[in-house]
Amino acid sequence: MSTTESELERFLIHEARLLDERRFREWMELFADDGTYWVPAVPDQNSPFDQASLFYDDRDLMKTRIERLEHPRIHVQTPPSRTAHLLGNTVVESADDAKGEYVVASTFIMVEYRDEQQRIFAGRAHHHLRREAGRLRIVRKRVDLINCDSAFEAMAVPI
Amino acid sequence: MRNRNGGDISSLIEPGRVHRDVYTDPPLFELEMERIFGRAWLYVGHASQVSAPGDFITTELGRQPVIMVRHRDGTIHVLLNRCTHRGAKVINERKGNAPRLTCCYHGWSFDTDGRLAGVPVPEGRAADFDQGAFGLAHAPRVAEYRGFVFASLAEDGLSFEDHLGPMKRNIDDLVDRAPDGELALDAGMHRYVYAGNWKLQVENVLDSYHVPFGHASTVNRQGVQFARREGDRKGATVVETEKKQTAASWKERKSYIAGNGHGWTSNTALDDGKRSSPAYDEYKRALAEKVGAARAQEILTPRLHNSLIYPNMSIMGLNIHVRVIKPLAVDRTEVTIYPIRLVGAPAAMNSGNIRLLNVTHSAASFVQTDDLESFVRAQKGLRSRLTEWVDISRGLGEEEPDRELNATRALATHEMVVRAQYKAWLGYMHQA
């Protein structure tokens, strides 16, 4: 089954929308069982295993993170963040229809508003996708923020 | 603004309370930069960050920009990052390696021990120009203990030995856990800022009182925080859910002080006999091979947990890391977290700690973010002028001596450690 560029792009737009609508459980379900979500803490970081990262969640950690986001006393989300993602410049870096595996690069801007403050995150994302039982799932999402090695105020929601 | 003479500053600190001005008053913050950060022994960095000649890191001591650099002869120098010519910051990178430290402006270059090595365009130099007098300024006092490098920006004051005192064993407690007897701070860092005073973070590192409340969102329905360490089956029980109160075992934890504002908290043993995973078991074997089984067991059953080395660093014993607190303004602070790698431990053990710290202490972590929110809200609340005092009276008068540890002991949910910090604070601040 072949996958078109526009289908891959629509998948990315759907993913961003789930985050912006705080539908975190549905967002998590986009990830394959062995899926990971990685936001490095330095540019060109080689590995999440020997260097600190802003996020490196497997499905287990994602679940814990989302349970916390749903907790009534998560102080750093009282009030909650509102976000708007804009993504573009998508490029299909590799496509293997036989295996159903795709790598899509994109550029994004996420604006976050919380507690009278607005801030901007921007960078490039790489989605490694795999078709499982007919549906695309995220095997690996890597988000490289342009300011990944700066000092941040507290972050709570995935980028 | 008040006149900040010694007597007036003393009036800000009472036995069980602290005046709000110590968190909010800009002139008082300027005085702290001069009298605390300009005098005290401050943690600068770790020797493993500058392991080869020419390796450097840059940081600030208070607000003074410094370079910590390894010279050819192996010595570590702490140099003021300010060209002696026209004042430009010499090194702009956070870390790197260079045979010479060269200023971008007119190309003056300095050797890695600070000496001025080259001045371009000799034509025009003053006839009596004394090149030897134009080296980069050194921090007047520098000392190292088992890789931890400290400096004081004052010529005189308490000796390093007297300052660090019993905290040496807290450093030993951590370093001894490495099978090769050394630590490496080479796994990157987490950096965050918050809109609050620096002392809010300092007070928090030994605070066991806040955990069930501040971190309510990380405690599950059974009252247990998520499992944290390689080989642990479950995390610590901090809440008794049926009674909806702080768990008895949590309330029994102790905190300790031993002078100079330093302190630490006790911990349950690192290894209760049940802790096991392939990486952890391999680590235990590696440690026992180096130091013997009996000593290994002793190392894995420590009495120390989080340690504060006042005023600007802590070493955290559970999800092991070094934390450095850097005041930026009266209401703005930067904190850097360095994951610790135990040299000689299996890679999986160290990588487990790195992954754990992402979860507990990255800017996007599950734990530290709620602390940051508490600090920001404290700073906002402290704007209130009608309630002038901050209460730190828990357990006042209930402190007791611990003769074995040569320290003073209290329950960890008491506020003895905070009172000790303000005693040290006043010691620095009341001297003109």
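## With respect to the environment of Met429(B)
Residues and elements named next belong to chain B. Structurally, Met 429 can be placed in helix H13 (residues 416-429). Here Met 429 falls in the buried class, since 23 other C-beta atoms lie within 10 Å of it. Along the chain, Met 429 and Met 33 lie 396 residues apart, while their C-alpha atoms are 9.9 Å from each other. With sequence-adjacent residues up to four places away left out, Met 429 is seen in contact with Ile 9, Leu 31, Glu 32, Arg 35 and Ile 36.

## Quick notes on the domain arrangement of chain B
Residues and elements named next belong to chain B. In terms of domains, chain B is made up of domain 1 (42-145) and domain 2 (165-208 + 253-267 + 302-429). Using C-alpha coordinates to define each centre, domain 1 is positioned 30 Å away from domain 2. Taken together, the contact between domain 1 and domain 2 spans eight residues of the former and 13 residues of the latter. Ranked by residues supplied to the side of domain 1 that touches domain 2, first place goes to strand E3 (residues 42-46) with three residues. Among the residues making up the side of domain 1 that touches domain 2, the classes are represented as three nonpolar, four polar and one charged.

## A few points about the confidence of the model for chain B
The predicted model of chain B averages 92 in pLDDT, with 92% of residues at 70 or higher. Note on the complex model: pTM 0.95, ipTM 0.95.

## As for the sheet that holds strand E1 (residues 13-14) of chain B
Residue and element names in this part refer to chain B. Taken in spatial order, the three strands line up as E1-E2-E24 in an open sheet, and their pairing is antiparallel. Only two strands of the sheet have a single neighbouring strand rather than two, namely E1 and strand E24 (389-391). In the sheet, E1 pairs with strand E2 (residues 17-19) via two bridges, with the strands oriented antiparallel. Residue Glu 14 lies in a different strand from E2, and its bridge partner there is Arg 17.

## Focus on unusual backbone geometry
Pro79(A) follows Thr78(A) through a cis peptide bond whose omega is 5°. Within the secondary structure layout, Pro79(A) lies in the loop between helix H3 (59-70) and strand E3 (82-96). Although it is not a glycine, Asp115(A) sits at a positive phi angle of roughly 50°. Looking at the secondary structure, you find Asp115(A) in the loop between strand E4 (101-114) and strand E5 (117-132). Positive phi, normally seen in glycine, also occurs at Val121(B), with a value near 55°.

## Description of the pairing of strand E6 (residues 135-145) of chain A
Residues and elements named next belong to chain A. Looking at chain direction, strand E1 (residues 31-40) and E6 are connected through four bridges and run parallel. Looking at the pairing, Phe 31 lines up with Ile 138 of E6. Where E5 lies against E6, 10 bridges are found, and the strand directions are antiparallel. Of the residues in E6, the one forming a bridge with Gly 123 is Leu 145. The loop that links E5 with its antiparallel partner E6 comprises two residues; one of these, Ala 133, has a positive phi angle of about 45°.

## Observations regarding the environment of Tyr192(B)
You can see Tyr192(B) is positioned in strand E14 (residues 190-194). In sequence terms Tyr192(B) and His77(B) are 115 residues apart; their C-alpha atoms lie 27 Å from each other. Beyond its immediate chain neighbours, meaning those up to four positions away, Tyr192(B) contacts Ala151(A), Phe152(A), Glu153(A), Ala154(A), Val335(B), Ala363(B) and Leu372(B).

## Re the interface of chain B and chain A
A common way to express how large an interface is: the accessible area buried when the components associate. At the junction of the two partners, chain B supplies 29 residues and chain A supplies 26 residues. Counting residues per element, the ones that place at least two in the side of chain B that touches chain A are E14, strand E22 (332-339), helix H11 (347-361) and helix H12 (368-381) of chain B. No other element matches the six residues that H11(B) contributes to the side of chain B that touches chain A. Looking at the side of chain B that touches chain A residue by residue, the classes come out as 15 nonpolar, nine polar and five charged.

## Quick word on the nonpolar core
Residues and elements named next belong to chain B. One finds Leu 42, Val 44, Val 66, Ile 67, Met 68, Phe 150 and Leu 183 to be the most contacted residues of the largest nonpolar core, which totals 136 residues. In terms of residues, this core owes the most to one element, H13, which gives eight residues. For this core, the domains that each give at least three residues are domain 1 (42-145) and domain 2 (165-208 + 253-267 + 302-429). When residues no more than four places from it in sequence are discounted, the contact partners of Ile 67 are Phe 56, Thr 58, Leu 79, Asn 81, Ile 91 and Leu 101.

How each quantity is defined
- Residues numbered from 1 in each chain as written.
- Chains lettered and ligands numbered in written order.
- Predicted model: local features only at pLDDT ≥ 70, side-chain atom pairs only at ≥ 80, totals over all residues.
- Helix = DSSP H or I, 4+ residues; strand = E, 2+ residues; numbered from the N terminus.
- Buried ≥ 20, exposed ≤ 12 C-beta atoms within 10 Å, placed from the backbone.
- Contact = placed C-beta atoms within 7 Å.
- Domains from an automatic or database assignment.
- Nonpolar A, V, L, I, M, F, W, Y, C, P; charged D, E, K, R; others polar.
- pLDDT = per-residue confidence, 0-100.
- Pairing = 2+ DSSP bridges.
- Core = buried A, V, L, I, M, F, W, Y, C linked by C-beta atoms within 7 Å.

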